[in-house]
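Each chain, written out:
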Amino acid sequence: MNVSVAPDIDLALDHPIALETHHHSEKKGIMHYLWSYDHKMIGLQYLWTAFLFFLLGGALAMAVRYQLGFPNHPVPLIGRFLPSTLASDDGTIIPGGYNMLVTMHATIMVFFVVMPLLIGAFGNYLIPLKIGAGDMAFPLLNEVSYWLYVISGFFILAAFFAPGGAPGTGWTAYAPLSAVAIYNQTQVGQSLWGIAIFINGLASIAGATNYITTIITMRAPGMTMFRLPLTVWSLLITSILLIFAVPVLSAAAAMLFFDLNFGTSFFKPAGGGQPLLWQHLFWFFGHPEVYIMILPAMGLVSEIMPVFARKPVFGYKAMVYAMASIGLLGFIVWGHHMFVSGMNLTLSATFAVSTMVIAVPSGIKTFNWLGTVWKGSIEYTVPMCFTLAFVSMFVIGGLSGIFMASTPVDLFVHHTYFIVAHFHYVLFGGSLFAIFSGIYFWFPKMFSRMMNPTLGMIHFIATFLFFNLTFFPMHNLGLGGMMRRIADPTVYEHLRQLQPLNVICTIGAFGLGLSTLVFFVNLFYSIFKGPQAPDNPWLATTLEWTISSPPGHGNFPITPIVYNGPYEYSVPGMDKDYLPQNEKAPTNIQLEIH
Amino acid sequence: MSSSALTTPFDQVHSTESSHHGAPPHVCKFGMIIFLLSEAMLFAGLIGGYIVLRLASAQWPPSPDLPALPKVLTGCNTLVLIASSLAFHMVEVSVKSGKTGRRWLLLTILLGSTFLCGQAYEWTHLYREGLWFHVGGVYGSSFFVMTGFHGAHVLIGVLLILWCFLRQCFFKSFTQHHHVALDNVGLYWHFVDVVWVFLYMILYIV
Ligand code: HEM
Ligand SMILES: [Cu+2]
């Protein structure tokens, strides 16, 4: 297979070798898997841990959907083993238990699955490889960040076993419900939630510090900012968002903890506190958070799309500026989650307008993706299918977002299943589709084997169909007036006629669960039995494809020198249809300036 | 060699000495500054919340029989903390001029600990006067949580400086040309002081 070697070896040797930047040696035995300073191992640690949480979060979702589709029917098989905080003796989910399931599902998916996969796993694995560095700037901090994530995971899991059970206040933990123990009845569970969020935040901050420093200071010679692959750009911008958004949630979580356990009254009206303060702090974090969960996904698909369209990304710089402005604007729109909070109407209109402005850079990105596949020679591989599906699902989710950004519409749909449809289109159809795409795409680099394309295609088609079957009807449920976070829709007169839609969603959800199992079967089968992968199976241009699979300790045998932008596909006049970043273009070829 | 056109920060990475983790000094400092930005946001969240709650309160303290915060005593304590920042600055000056800076380190530790003791005294004093986390609504809440968060930062700072001091005594770890950990502890320490000046202003003075 074509392995591109750094072209001028003697030139490269003038530059000290990447390996020199870190003195730690490779760990042996079990410690290699548990306490490693190698960014690739840390990335894989994040990957596997997050996959475990993914299975748990998925199981919780199945329970939630079962209850909504078939309210008050005992859960088959496992129902009788559920703790009494979740289900009654015969295995029927009880209303309070339903709230716990929803809360834990969302908390786990957001903080323990999507963020760790996109940022922890892909970020760690790809950043040094893509910028031509031997490792992260601070390998020790990197491993500490992973273990902080694991510790926060233990705290969130402990909430299930707390007296009174897990918190049931939603992932948004609105006060005063969350802040007053006699209201929520889960003082311990809610406190563990706060601790978990706080420690998880420390992990995020440690990781983000590392990423920003690494990207700014450790790029290989020639890797200018505008030659950075878009994945790296997206992770840089995401890290900046993490640095500015996460600590505010940490502060809020701490105050919540003190309200619950020390009798403070930050969020309790009785002592002069304000429940709305929680909402402001939470959403000051929360809206940037949704971009934290979508920007890296955008980065991954922007990277995968040109490979399988064999065309450069359309409007590389526009992509960068669009991501940067999405990140910036993301900090001034949080009020769109609070339109019904009794907010002043002028302020409300301001938030509505600022939110709609974000649609502009989002639209730019969408059209650039279309421009990238336009007239390309598209190869419908599994990663490409997920990437294309990402774009279409993101458009649906983005459009419903613009509906909701308009205050009068939101007054009607707020806290209904319309919102639930919206954020699953952007989070599952968006972030998770991109994660799947990324796994199929970088699997050969990570495990030096190919994934099975047939199983992959089955996974893709099933996921795509069942995803839409599950979540599209939720738009209709929401417009029909179905509220979020209710355990039994059939007790409401106006929702009874909509119950068939709920059954459809539930069927879709179980299909989605099964198709995810296909993915895991493929994953494990391919790790052990997949055909050996060449170093550059997709004929891609970025630096990680120029070295062995998996890359050795220290990544680059010689520091690569970068001559080109990241997406030189189908360069006119060249005999091969791609030009790796570390290969000089033949002298007769004129590249567009990057 | 035309590599000047290709120059990136990577080249500087190798030019100077490395810390024990491998990253060169300017990289370490860069990372520290990013981290401190996030710390600043943590305090911004707390302070922002405090401002919102306080503005919504008709009078402050919310009830006249709540004890007032000791402005003067804590004002002196604030001066102590500022002095400790200056002392740490002298650590850096003397290390850069080739000395060990041990005495200045010790002085910083003493001043930092004095500040902590002052805070501990103040907490116990207010506790005896009947003010605690759960007393006086947001008045007690915000005071104890904010000074508590800051105090924890000072404690960590003192421990870090103690660590520097011990390393300096036993291993002579920091020299004229090798002092990045010291610089970073310094950045942290100065940051914690600056935060305190803000906290003192809004909690005690305004
Ligand atoms: C075009 C861009 C977007 C716009 C205009 C938009 C707008 C909105 C608005 C107005 C709400 C509040 C609705 C309500 O509660 O009444 C909302 C909720 C939400 N959005 Fe978006 N959104 C956009 C993109 C995204 C993306 C990319 C994500 C995540 C990856 C996301 C995740 C969420 C989540 C999780 C919620 C619900 C939060 C909750 O109440 O639990 N959104 N969005
Ligand atoms: Cu939002």
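For clarity, every value in this text was computed on a predicted model and none was experimentally measured. (Residues numbered from 1 in each chain as written. Chains lettered and ligands numbered in written order. Predicted model: local features only at pLDDT ≥ 70, side-chain atom pairs only at ≥ 80, totals over all residues. Heavy atoms only, no water.)

Undergrad: I'd like a rundown of the overall build of chain A, residues and numbers included.
TA: Regarding its fold elements, chain A presents 17 helices and zero strands. For chain A, the C-alpha radius of gyration of 24 Å lies close to 25 Å, the compact-globule estimate for 594 residues. For chain A, the spread of C-alpha atoms along the principal axes amounts to about 75 × 55 × 50 Å. Buried residues in chain A amount to 63% of all 594 residues. For chain A, the accessible surface area stands at approximately 20700 Å², while carbon and sulfur atoms represent 72% of it. Mean positive and mean negative side-chain charge positions of chain A (22 and 24 charges, respectively) differ by 3 Å. (Helix = DSSP H or I, 4+ residues; strand = E, 2+ residues; numbered from the N terminus. Rg over C-alpha atoms; globule rule 2.2 N^0.38 Å. Buried < 20%, exposed > 50% of the residue type's maximum accessible area, 1.4 Å probe, protein only. Areas by Shrake-Rupley, 256 points an atom, 1.4 Å probe, with all protein chains shown as cover. Lys, Arg positive; Asp, Glu negative; His and termini not counted. Charge placed at Lys NZ, Arg CZ, Asp CG, Glu CD.)

Undergrad: Just give me the short version of unusual backbone geometry, but keep the residues and values in it.
TA: Here the amide bond leading from Ala175 of chain A into Pro176 of chain A is cis, since omega sits at 5°, within 30 degrees of zero. In this structure, the amide linkage connecting Trp60 of chain B to the following residue, Pro61 of chain B, adopts the cis form with an omega of -5°. Tracing the backbone shows Pro61 of chain B in the loop between helix 2 (25–55) and helix 3 (71–96). The phi dihedral of Arg310 of chain A falls on the positive side, at around 50°, and the residue is not glycine. Within the element layout of this structure, Arg310 of chain A appears in the loop between helix 9 (275–309) and helix 10 (316–329). The exposure class of Arg310 of chain A is buried, given its relative accessible area of 7%.

Undergrad: I'd like a rundown of the coordination of the iron atom of ligand 1, residues and numbers included.
TA: Among protein residues, the single donor to the iron atom of ligand 1 is His422 of chain A (NE2), with a metal-donor distance of 2.1 Å. Between the two metal centres, the iron atom of ligand 1 and the copper ion (ligand 2), the spacing is 4.6 Å. (Donors = N, O, S within 2.8 Å, 3.2 Å for Na, K, Ca; no water.)

Undergrad: Describe the site of ligand 1, and please don't skip the residues or the numbers.
TA: All names here are of chain A. The environment of ligand 1 is formed by 23 residues, the closest being Trp171, Asp410, His414, His422 and Arg484. At 2.4 Å from an oxygen atom of ligand 1 is found a side-chain nitrogen or oxygen belonging to Asp410. Arg484 is positioned such that a nitrogen or oxygen atom in its side chain is 2.8 Å from an oxygen atom of ligand 1. Of all the secondary-structure elements, those providing two or more residues to the shell around ligand 1 are helix 9, helix 12 (382–405) and helix 14 (417–447). Broken down by element, the shell around ligand 1 gets its largest block of residues, six residues, from helix 12. Residue composition of the shell around ligand 1, grouped by class: 13 nonpolar, eight polar and two charged. (Near = heavy atom within 4 Å. Polar contact = N/O pair within 3.5 Å; in protein donor to acceptor, adjacent residues only side chain to side chain. Nonpolar A, V, L, I, M, F, W, Y, C, P; charged D, E, K, R; others polar.)

Undergrad: Provide a residue-level description of the coordination of the copper ion (ligand 2), including the pertinent values.
TA: Each angle at a metal carrying four tetrahedral donors should ideally be 109.5 degrees, and each at a metal carrying six octahedral donors should ideally be 90 or 180 degrees. Here the copper ion (ligand 2) is held by His287 of chain A (ND1), His336 of chain A (NE2) and His337 of chain A (NE2), and the distances to it run 1.9 to 2.0 Å. When the donor residues of the copper ion (ligand 2) are listed from N- to C-terminus, their spacing reads H-x48-H-H.

Undergrad: So what's going on with empty space enclosed by the protein? Which residues, and what values?
TA: Residues and elements named next belong to chain A. A complete count under the given rule lists five cavities of 30 Å³ or more for this structure. Quantified by volume, the largest cavity comes out at close to 170 Å³. Along its surface, the largest cavity is lined by 15 residues, and Tyr46, Ile119, Gly120, Ala203 and Ser204 are the ones closest to its centre. Going through the elements one at a time, helix 4 (95–131), helix 5 (139–161) and helix 7 (187–217) are the ones with two or more residues in the lining of the largest cavity. The element best represented in the lining of the largest cavity is helix 7, accounting for six residues. Per-class residue counts for the lining of the largest cavity are ten nonpolar, five polar and no charged. (1 Å grid on protein atoms, 1.4 Å probe; cavity = no way out; pocket = protein on both sides within 12 Å on 5 of 7 lines; lining within 4 Å. Points joined across faces, edges and corners; volume = space filled by probe spheres on them.)

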